[in-house]
Amino acid sequence: MKRNHVTFKFITMKHIANIIAVLLLSLPLLSIAQKDDDIFGMLDSLAKPQTDYATATFKSSRVITGQSVEQMKEGQFEFRIEHRFGAVNSGFYQFYGLNTGTIFLSTEYGVKDWMMVGLGHASLGNTFNGFVKLNLMRQSKGMKNNPFTITYYGAMTADGTKADPTLTNYFADRLGFVNQFLIARKVTNELSLQISPILIHRNIVPAAFDQNNIYSVGFAGRYKITNRMALSAEYYAVYRSKDNSVKYYNPLSVGVDIETGGHVFSFMLTNSVGMLENQYIAQNTGRWSKGDIHLGFNITRSFTFYGKK
Amino acid sequence: MKRIIASTVILMTMSLAGFSQPKYLSRAGHIWFYSKTPMETIEAHNNQVACFLDASKGTIAFEVLNKSFKFERALMEEHFNENYVESAKFPKATFKGQITNLKDINFTKDGIYNAIIEGDLSIHGVTKHITQKGTIEVAKGKIIAKAKFGVKPEDYNIIIPALVKEKIANPLDVSVDITFDPMK
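Every chain begins its residue count from 1, and numbering advances along the sequence as written. Chain letters start at A and ligand numbers start at 1, both assigned in the order the entries are written. Restriction of local features to residues with pLDDT of at least 70 applies here, the model being predicted, together with a cutoff of 80 or more for giving and counting side-chain atom pairs; totals for whole chains, interfaces and linings are based on all residues.

Broken down by element type, chain A carries three helices and 14 strands. In chain A, buried positions account for 33% of the 309 residues. Contact between two residues is assigned whenever their backbone-derived C-beta positions fall within 7 Å. A fraction of 57% describes how many contacts in chain A between residues 6 or more apart in sequence connect residues 24 or more apart. Numbering goes from the N terminus for both helices and strands, where a helix is a DSSP run of H or I of at least four residues and a strand is a run of E of at least two. Comment: burial labels come from other C-beta atoms within 10 Å of the residue's own C-beta, placed from the backbone, where a count of 20 or more is buried, 12 or fewer is exposed, and between is partly exposed.

Our focus in this paragraph is the overall build of chain B. The helix and strand inventory of chain B stands at two helices and nine strands. Order of helices (α) and strands (β) in chain B, N terminus to C terminus: α-β-β-β-β-α-β-β-β-β-β. On C-alpha atoms alone, chain B measures out to a radius of gyration of 20 Å, which is more than a quarter above the 16 Å that the 2.2 N^0.38 rule sets for 184 residues. Expressed along its principal axes, the backbone C-alpha trace of chain B runs to roughly 80 × 35 × 25 Å. Going through the 184 residues of chain B one by one, you find that 24% of them count as buried. A separation of at least 24 residues holds for 58% of the contacts in chain B among residues at least 6 apart in sequence. Radius of gyration: C-alpha atoms only; globule rule: 2.2 Å multiplied by the number of residues to the exponent 0.38.

This paragraph deals with the pairing of strand 13 (residues 263–270) of chain A. Side chains on a regular strand alternate between the two faces of the sheet. In strand 13 of chain A, alternate side chains face the same way, and those of Val264, Ser266, Met268 and Thr270 of chain A are buried while those of His263, Phe265, Phe267 and Leu269 of chain A on the opposite face are not. Between strand 12 (residues 252–260) of chain A and the antiparallel strand that follows it, strand 13 of chain A, lie two residues; Gly261 of chain A among them carries a positive phi value of about 60°. The rule for pairing is simple: two strands pair if DSSP sees at least two bridges between them.

Moving on, we get to unusual backbone geometry. In this chain, Asn170 of chain B is followed by Pro171 of chain B through a cis amide linkage whose omega measures 5°. Mapped onto the secondary structure, Pro171 of chain B falls in the loop between strand 8 (142–151) and strand 9 (172–182). Even without being a glycine, Ala56 of chain A presents a positive backbone phi close to 50°. Among the structural elements, Ala56 of chain A can be located in the loop between strand 1 (51–53) and strand 2 (76–87). The partly exposed category is assigned to Ala56 of chain A, around which 19 C-beta atoms lie within 10 Å. Phi is positive for Tyr96 of chain A, which is not a glycine, with a value near 50°. Looking at the element boundaries, Tyr96 of chain A is found in the loop between strand 2 and strand 3 (101–112). Residue Tyr96 of chain A is classed as partly exposed on the basis of its 17 C-beta neighbours within 10 Å.

Here the focus is the sheet that holds strand 2 of chain A. Residues and elements named next belong to chain A. The sheet built from twelve strands closes into a barrel, its strands ordered 2-3-4-5-7-8-9-10-11-12-13-14 with antiparallel pairing. Strand-to-strand twist of the sheet, defined as the mean angle between neighbouring strand axes without regard to direction, takes the value 20°. Bridge count for strand 4 (residues 115–122) against strand 5 (residues 127–137) is eight bridges, and the pairing is antiparallel. Bridge assignment links Gly120 to a residue of strand 5, and that residue is Asn129. Axis definition: a line fitted to C-alpha atoms, limited for helices to the stretch in contact. Angles are taken between N-to-C directions and run from 0 to 180 degrees.

Along helix 2 (residues 74–84) of chain B, the residues classified as buried are Ala74, Met76, His79 and Phe80 of chain B. At its buried positions, helix 2 of chain B is contacted by strand 2 of chain A together with strand 2 (41–54) and strand 4 (70–71) of chain B. Directly after helix 2 of chain B, the chain includes Glu86 of chain B, whose backbone phi takes a positive value near 50°.

This part is about the nonpolar core. General note: in soluble globular proteins, nonpolar side chains tend to be found buried as a group. Think of a nonpolar core as buried Ala, Val, Leu, Ile, Met, Phe, Trp, Tyr and Cys residues chained together by C-beta atoms that fall within 7 Å. With 33 residues, the main nonpolar core has Cys51, Leu53, Ala61, Phe62 and Ala145 of chain B as its most contacted residues. When residues of this core are assigned to their parent elements, the largest contribution, six residues, is made by strand 2 of chain B. If we skip the residues at most four places from it in the chain, Phe62 of chain B touches Gly29, Val49, Ala50, Cys51, Phe95 and Ile178 of chain B. By size, the runner-up hydrophobic cluster in this structure holds 24 residues, among which are Phe104, Ala122, Tyr153 and Tyr236 of chain A.

Residues and elements named next belong to chain B. The predictor reports its confidence for every residue as pLDDT, a score running from 0 up to 100. Residues with a pLDDT of 70 or more make up 90% of chain B, whose mean pLDDT is 88. The secondary structure element of chain B with the lowest average pLDDT is helix 1 (residues 2–20), at 59, and the one with the highest is strand 6 (residues 111–123), at 95. Every residue in residues 16–20 is under pLDDT 50, and counting partners more than four places away or in other chains gives four contacts. Across the assembled chains, the prediction reports ipTM 0.77 with pTM 0.82.

To continue, consider the environment of Phe69 of chain B. Residues and elements named next belong to chain B. Tracing the sequence through the fold places Phe69 in the loop between strand 3 (59–65) and strand 4. On the basis of neighbour counts, which here come to 22 C-beta atoms within 10 Å, the residue Phe69 falls in the buried class. Note: C-alpha distance between Phe69 and Asn46 (23 residues apart in sequence) is 4.6 Å. Setting aside residues no more than four positions away along its own chain, Phe69 makes contact with Ala44, His45, Asn46 and Phe80.

The next thing to look at is the environment of Leu105 of chain A. All names here are of chain A. Inspection of the secondary structure puts Leu105 in strand 3. By the C-beta count within 10 Å, which is 15 here, Leu105 ends up partly exposed. Considered as a pair, Leu105 and Thr168 are 63 residues apart in the sequence and their alpha carbons are 30 Å apart. Once residues lying within four places of it in the same chain are set aside, the contact partners of Leu105 are Ile81, Gly120 and His121.

Let's shift gears to the pairing of strand 3 of chain A. Residue and element names in this part refer to chain A. Across nine bridges, the pairing between strand 2 and strand 3 is antiparallel. The residue bridging Arg84 from the neighbouring strand is Thr102, located in strand 3. The pairing of strand 3 with strand 4 spans eight bridges and is antiparallel. Following the sheet pairing, Phe104 is matched in strand 4 by Ala122. Counting the residues in the hairpin turn of strand 3 and strand 4 gives two residues.

Structural data, given as structure tokens:
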């Protein structure tokens, strides 16, 4: 009985005070222990605020035939081979289009990360093509928030066919001009969408009623099915007056992109045989419904002239 | 009453000792990797590594944003983020571990000490327990931690396609160089 009484007294008196002291004094220790458990939370708060730019919205600088918001980075050089076979409805004698075709070769270079230039030649119409692409805004989140990537594309074409001796030929008649804004958003890691209003001006047109100015809006998208493979589609809605000399149709293309290191291979089916804007947008005569479908491919090879240190 | 005072004093000293245990931070740690094959040399640097070191417990941790790795070639950087570490899905690589030979390191005396570090390295959503050797240099109140080790991409579920296999060294050399400042 006595011992119990002592124990009781012992607990009530000093040890309660001791326990309180222990609790109070261990609070700072507890808070440190908590910090240790959440080191990564603390490291997160330590990291400098970042701007996270959307990269690789498309696999290459073209969605299929039309331009994409992608461009060569500074010091990067690309050689591009684009080919469209004949129409699959051309019959067995033309081996369903594979006997014929048109080709477009282009060399393209990133002057700055935001500025790219290119020089090319298309077999169709023996056309020379020079262009500049300027990045105006990059999609980003974090410090800077931008919903879209916006790029300007400006091109000039020169028709290289032999002069018609029955006409007075001015060099200016051979020229065509393209102005386009490419507005794209990488919606998810897989899905990217692009809308691209375009104005094409031709100094000379086939017939008096034909428009010199062609207005059009492009719609394009790509969906990544694996890290190195994507499906893509592209359509240009073209505004035309009813008086054109020839009936033209809007270009629609579907394709697959396959990327292997420094190469991107694109395979597509399209109703347009031309690969320059004044051809595939302004004067495309192919119709999907009639079987004017062309198999085609683009191959790119990238080289790095110099990199960033 | 004496007991209360005595225990209070002891506890306070312990508590204060707990506060004065040095903790160190860095927000500009340097991590880089290097791959050299006859086909290609790949080198990428990250100078924005956030790091923490608790000298009393030997806890060491760092966190790195994959997108902050800078490559000489823009296309490599894009492929690194898009195809290999998949930065959109796995934005960070992290490490948290312990210095196992803490008794051999005197954080109050200048010098270079060998350290054995054991812990969990997470890359591409895969965590591996690793043990590596490194050095801890104590110099005028700063701590410089250095280590160099190999990382095999397949250990972290990073698939290198057969087509580019001979262009990428396996294992890749990863180097860590962090200068810590005392935590305020």
